[in-house]
Amino acid sequence: MNELFHVLIPALIAFACTCWIHPYILKVAKVKNIVDNPDARKLQRVPVHGLGGLTVVFGMLPGLLAVR
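Residues numbered from 1 in each chain as written. Predicted model: local features only at pLDDT ≥ 70, side-chain atom pairs only at ≥ 80, totals over all residues. Heavy atoms only, no water.

Visitor: Before we move on, could you go through the packing of helix α1 (residues 2–31) against helix α2 (residues 52–67) and cite the residues and values that matter?
Guide: With their axes 7 Å apart at the nearest point, α1 and α2 run at an angle of 150° to one another. Taken together, the axes of α1 and α2 lie roughly antiparallel to each other. As α1 runs across α2, the sense of the crossing is right-handed. Residues Pro10, Ile13, Ala14, Cys17, Thr18, Ile21, His22 and Ile25 of α1 lie in contact with α2, whose contacting residues are Leu54, Thr55, Phe58, Gly59, Met60, Pro62, Gly63, Ala66 and Val67. Among the residues forming the contact of α1 with α2, the class breakdown is 12 nonpolar, five polar and no charged. (Axes fitted to C-alpha atoms, helices over the stretch in contact; angles between N-to-C directions. Helix = DSSP H or I, 4+ residues; strand = E, 2+ residues; numbered from the N terminus. Parallel < 35°, antiparallel > 145°, perpendicular 65-115°, else oblique. Left-handed = near helix turned anticlockwise from the far one by under 90°. Contact = heavy atoms within 4.5 Å. Nonpolar A, V, L, I, M, F, W, Y, C, P; charged D, E, K, R; others polar.)

Visitor: Account for the state of the cysteines, naming residues and giving values.
Guide: All chains considered together, the criterion is met by zero disulfides. Between Cys17, a cysteine without a disulfide, and Cys19, which holds the nearest cysteine sulfur, the sulfur-to-sulfur distance is 9.5 Å. (Disulfide = S-S within 2.5 Å.)

Visitor: Explain the environment of Asn33 to me, and be specific about the residues and the numbers.
Guide: Summarising the element assignment, Asn33 is placed in the loop between α1 and β1 (35–36). As a C-alpha pair, Asn33 and Pro47 span 14 residues in sequence and 9.6 Å in three-dimensional space.

Below is the structure:
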């Protein structure tokens, strides 16, 4: 049971931080125009921000630090 909490708590922290930081990263991407604009070769109809990896990194860091 104790091992479960050593995995579950950092995962919940990472999830909460990712959900918290995503709107801010999205706003920065729109302001700085770091978006993938649709064209004839792409399937999306609206611009998609290109900072999803940064969102994951900033979300996972607190979870990884909580493991220690």
